[in-house]
Amino acid sequence: MTGAGNGTGRGIAATGLYLPRQRLDGAEIQAAWGAAAPVDRAAVPAADEDALTMAVAAGRDALSSGDLAAADIAHLAVATTTPPLEEEAFAPRIGAALGLDSAVSTTTATQSTAAGGEALLSGVDSDGPALVVVADAPEGDAAAVGQRVGAGAAAFLVDDDADVVLTDRTRESRDAPGLRLRERGRTEVSELDITTYERTTIRDVVSTALDRLAIDHGTVDAVSLYQPTGDIPHRIGTALPYDGGAIDRGTVVDDVGDAGAAAVAIGLLAALEAVDPDSTVIAGFFGSGATAVGLGFEVATAPETGVTAAIEAGEEVPYPAALRARGTIGETEVAGGGAHVSLPSWQRTTPQRYRLAAGRCPDCGAVAFPPEGACPACGAREDYELTPLSRTGEVAAVTVIGQGGAPPEFVEQQRRDGPFAVAIVESTAIDGDGSARFPAQLTDCDPGSVSVGDAVTGRLRRIYTVEGVTRYGLKFVPE
Amino acid sequence: MTDAYIIGAGQSDFGSFPDRSYRSLFDDAFDEAVGSVDGDFDPADVDEAFLGTLGVGGRQLGLSGPAVTEHLGLHGIPTTRVENACAASGYALRQAVMAVRSGMADLVLAGGYEVMTDMSGDHTKWWLGVSGETEWERLSGTTFAGVYAQMASAYLREHDATVEDLSRVAVKNHGNGAQNPHAHLGFECTLKQATSAPDVAAPLNLYHCCPTTDGASAVLVASEAVAADLADAPVRVSGAGAASGRVGLFQRDSLTGIPASETAADRAYEEAGIAPEDLDFAEVHDCFAIAELAAYEDLGFCDRGEAPRLLRAGVTDPDGDLPVNTSGGLKSKGHPIGATGTGQVVEAFAQLRGDAHVQVKDPAIGLTHNVGGSGGGVTVHVFERVEEGEL
């Protein structure tokens, strides 16, 4: 997934991707509703996932793919239509989870499925290395948009001298509301279903923007177009000179579902993966309102984006499990209180919860986790030097918390995702000297299949929500 | 320094009594303790009280100790509430022993109480598991059973032990508890039932876990002079050991034992001048089956990894060489958190005076072992029979 950095202009130097593990087959929807499903397959986020956790996963993938380290990033641009809160910046937490410098500039594009295009432009227009992350998990009424919603995230490391150079960008805006909207206070996207109005608007706005790109339209090899369903890119394509094969190369909605703002970004990864060196790739973002962003790329060397492999991975879940995981089948609230951990207490420990920052005793060199209190080995009460543990460790002890047995903080998650395993994980310091243990919840696995000795790797997930604030931290997934 | 003696011990019924208050339950325990005193006991002679409770449910979170002694009519005496999770009243006893040995008090009430079964499911969820390490352990999503299950997973991996060995603890302790009229779950169970029950936190199933229980227990601790005056057959507290441990299991070097139990036992044995081989019976903290296995090893009843062998060979059965949990243990008798530590003393007192429901043959020395949380605080007490006329 890496670029060699021998390109000729600013563009995409490396990419990252994240798709939730659970997949819902369209046949399940067809069986339930008695009508053809709008997509063949959709990715279903677990109850402990959201746009933020997926953004971090994709961002981490991009950072591990390229030549740039987290500390090199000067700008973070994020895009989603489903931020965890309607008001409150969420880029800072993504930056903290990825270990970016606190001085990075951040922008957030939201409120439109065109946000992915806006974030990419923000990255290209910034100075220095930029990380662009587009993550989304739209929701819809189970009888309507909910039948096609998916989820996923794409990340792009943007830098000078990239292998995938952005050669031109265009925009088109016009007053055309009501194609896809979410009312204030609602979580579900709705559509008015005025078929001709919708199709015509999408086709005209997107094709107008793309037509203005200063590229040779006859040599375009792959195109990622607005894709709430598989037919829409081809309908847009009727107004453009691209062949059906080029459009198919950038269309992933029938594999991941309608991933909102992330759909075209993931489609762009698929397009990049599909083309040969010295190709032209186009992305056409669209958002109701309406606005379109057209991007034209010259691909010197196509990066391995991993889309095909990621699409083929995953695990099929039955329709009721998908509805439960999404929270469609009601939500619960646990009354009462006790053992409350305050928000400042939690925030004090985020370096440990996000990045496993352990402590090294300055006197004896032992590793302590968390890095607080007297040294576990020599008892010294000195300030620890922070030393990160590897995100991959080994299960030292494990159990399964069965349905109904979870602590109150985890009741709703367990109701949606089922029994979960809780382990004591042992991980070595990244510098190789010593190790420490910590308790951790396991996720994305059959909890009963995990044994002492298994290797597990950390992923940022929602831990629990209290007083409206979601607390995030690493959970672990078997290798 | 005077020795400390138990001259009376009693408990309420252990069980589910959602309409009973913790104060009325303690009244029962106190009355039974007073009733067990050989001589003429005057409640006005109690100098001080140490009462253990976790405070499940919140209730009278502040000053719950005085609220209990006030209910008994013990007005004016200094009363201290002791909180060390499930070891609360083990530590209350320790305080009482210290008060008597120091000479500050001649007659001290030690006890504990807890009401756990009168709350909604939601409230119960909040309160169970508050004794684990909160910031990391609890917020990884684990429960109290989960932490002990993690220990069990490591134990089964490290030693030649099976889930069936865990179930043997339940079979033995239920067999004993079935004879105890105060027991919460006073029924017998078969090995098949105890191995095929649904999982609570794998590998621990329902029969590997103690119940949540309402109840109270009370112990009267006296100086030598008072014991000589009021008791025909008092019981000497010949060893009082205690130790703290890392509150979170993950912070300990061993995942298969409780280091604080080992330390507390060493201290108690040393003070009593005995070795584990000298014990005639033991009441150990079997909140979960794995805890009883770990206790055998931590308390020196056998080497590491040998606990299953003891169970298989019946060594800890009532007719074995070292009967353990003749009361039924936490598993069958019940585990009203704050009442458990002194509840164990009720059994030790009865055994050494020949009054136990499952009586060990002519015991002279017994032990109680009380664990807070998964091992953050432990008390071990050694008790010795005092022959009539010895004082």
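Per an unreviewed UniProt entry, the recorded name for chain B is 3-ketoacyl-CoA thiolase, and the organism is Halobellus salinus.

For chain A, the name recorded in an unreviewed UniProt entry is ACP synthase, with Halobellus salinus as its organism.

Section: the overall build of chain B
When you go through chain B residue by residue, the secondary structure sums to 13 helices and eleven strands. For 391 residues, the compact-globule estimate of 2.2 N^0.38 gives 21 Å, and chain B sits close to it at 19 Å. Its C-alpha atoms give chain B principal-axis dimensions of about 55 × 45 × 35 Å. In chain B, buried positions account for 66% of the 391 residues. When contacts within chain B are restricted to residue pairs at least 6 apart in sequence, those whose partners lie at least 24 apart make up 78%.

Here's the deal with the sheet that holds strand 2 (residues 22–25) of chain A
All names here are of chain A. Spatially, the three strands line up as an open sheet ordered 3-2-14, and their pairing is mixed. The sheet terminates laterally at strand 3 (41–44) and strand 14 (315–316), the two strands that pair on one side only. As paired elements, strand 2 and strand 14 share two bridges and run parallel to each other. Residue pairing across strands places Arg23 opposite Glu316, the latter belonging to strand 14.

Side note on the interface of chain B and chain A
Contacts between chain B and chain A engage 34 residues on the former and 36 residues on the latter. Of all the elements in the fold, those that place two or more residues in the side of chain B that touches chain A are helix 4 (121–127), helix 5 (144–158) and strand 5 (199–202) of chain B. Counting residues per element, the side of chain B that touches chain A draws most heavily on helix 5 of chain B, at seven residues. Relative to strand 5 of chain B, strand 18 (residues 392–401) of chain A runs antiparallel, the two being bridged by two bridges. Along strand 5 of chain B, the bridge assignment pairs Ile401 of chain A with Ala201 of chain B.

Here's the deal with the sheet that holds strand 2 (residues 48–52) of chain B
Residues and elements named next belong to chain B. Read from one edge to the other, the open sheet built from nine strands follows the order 3-2-4-7-1-8-11-10-9, with strand pairing classed as mixed. With one partner strand each, in any of the chains shown, strand 3 (79–82) and strand 9 (281–283) form the two edges of the open sheet. Going from strand to strand, the sheet's axes swing by 25° on average, the running direction of each strand aside. In this structure, strand 2 lies alongside strand 3, joined through four bridges in parallel fashion. For Phe50, the partnering residue across the bridge sits in strand 3 and is Thr80. On top of the sheet, helix 3 (residues 88–102) reaches strand 2, strand 3, strand 4 (107–114), strand 7 (215–222), strand 8 (235–244), strand 10 (365–372) and strand 11 (377–385); it is set at about 170° to strand 4, its chief contact. Sheet strands in contact with helix 9 (residues 259–272) are strand 8, strand 10 and strand 11, and its direction is about 150° off that of strand 8.

Quick look at the UniProt feature "domain: Thiolase N-terminal" (unreviewed entry) in chain B
Sites flagged by UniProt as "domain: Thiolase N-terminal" (unreviewed entry) map to residues 5–184 of chain B. The distance separating the terminal C-alpha atoms of residues 5–184 of chain B is 28 Å; by composition the span is 42% helix and 13% strand.

As for the domain arrangement of chain A
All names here are of chain A. Partitioning chain A into structural domains gives domain 1 (9–326) and domain 2 (343–478). Taking only C-alpha atoms into account, the centre of domain 1 sits 32 Å from that of domain 2. The interface is formed by 17 residues belonging to domain 1 together with 15 residues belonging to domain 2. Elements represented by at least two residues in the side of domain 1 that touches domain 2 include exactly helix 2 (51–65), helix 3 (91–98) and helix 11 (319–326). Considering each element in turn, the side of domain 1 that touches domain 2 owes the most residues, four residues, to helix 2. Class assignment of the residues belonging to the side of domain 1 that touches domain 2 gives a composition of nine nonpolar, two polar and six charged.

With respect to the environment of Thr301 of chain A
Following the sequence through the fold, Thr301 of chain A ends up in the loop between strand 13 (289–299) and helix 10 (307–312). Considered as a pair, Thr301 of chain A and Leu272 of chain A are 29 residues apart in the sequence and their alpha carbons are 9.2 Å apart.

So, the nonpolar core
Membership of the largest hydrophobic core comes to 282 residues, with the highest contact counts inside it found for Ala58, Ala153, Ile266 and Ala423 of chain A together with Ile6 of chain B. It is helix 9 (residues 262–274) of chain A that provides the largest number of residues to this core, a total of eleven residues. Lining this core are residues from two domains, each supplying at least three of them: domain 1 (9–326) and domain 2 (343–478) of chain A. The residues touching Ala153 of chain A, leaving out its near neighbours within four places in the chain, are Tyr18, Met54, Ala55, Ala57, Ala58, Val133, Val134, Ala135 and Ala262 of chain A.

Details of the pairing of strand 20 (residues 435–441) of chain A
Each regular strand carries side chains that alternate between the two faces of the sheet. Residue and element names in this part refer to chain A. Burial analysis of strand 20 places six of its seven residues in the buried class, which makes it a mostly covered element. Where strand 19 (residues 420–428) lies against strand 20, seven bridges are found, and the strand directions are antiparallel. Considered in strand 20, the bridge of Ile424 is made with Pro439. What sits between strand 19 and strand 20 in their antiparallel hairpin is a turn of six residues, with Gly432 showing a positive phi close to 90°.

Things to note about the UniProt feature "domain: Thiolase C-terminal" (unreviewed entry) in chain B
As recorded in UniProt, the feature "domain: Thiolase C-terminal" (unreviewed entry) lies at residues 246–385 of chain B. Taken as a whole, residues 246–385 of chain B contains 34% helix and 14% strand, while its terminal C-alpha atoms sit 34 Å from one another.

So, the pairing of strand 11 of chain B
All names here are of chain B. Where burial is concerned, most of strand 11 is hidden: nine out of the nine residues are buried. Here strand 11 shows no split at all, with Gly377, Thr379, His381, Phe383 and Arg385 on one side and Val378, Val380, Val382 and Glu384 on the other all buried. Strand direction decides the pairing type here: strand 8 and strand 11, joined by nine bridges, are antiparallel. If you follow Val235 over to strand 11, its bridge partner there is Arg385. Bridge analysis of strand 10 against strand 11 gives eight bridges, and the strand direction is antiparallel. Across the sheet, residue Val371 finds its bridge partner in strand 11, namely Val378. Between strand 10 and strand 11, which pair antiparallel in sequence order, lie four residues; one of them, Gly373, sits at a positive phi of approximately 60°.

Cut-offs and rules
Residues numbered from 1 in each chain as written. Chains lettered and ligands numbered in written order. Predicted model: local features only at pLDDT ≥ 70, side-chain atom pairs only at ≥ 80, totals over all residues. Helix = DSSP H or I, 4+ residues; strand = E, 2+ residues; numbered from the N terminus. Rg over C-alpha atoms; globule rule 2.2 N^0.38 Å. Buried ≥ 20, exposed ≤ 12 C-beta atoms within 10 Å, placed from the backbone. Contact = placed C-beta atoms within 7 Å. Pairing = 2+ DSSP bridges. Axes fitted to C-alpha atoms, helices over the stretch in contact; angles between N-to-C directions. UniProt positions renumbered as here; feature names shortened; annotations may be inferred. Domains from an automatic or database assignment. Nonpolar A, V, L, I, M, F, W, Y, C, P; charged D, E, K, R; others polar. Core = buried A, V, L, I, M, F, W, Y, C linked by C-beta atoms within 7 Å.

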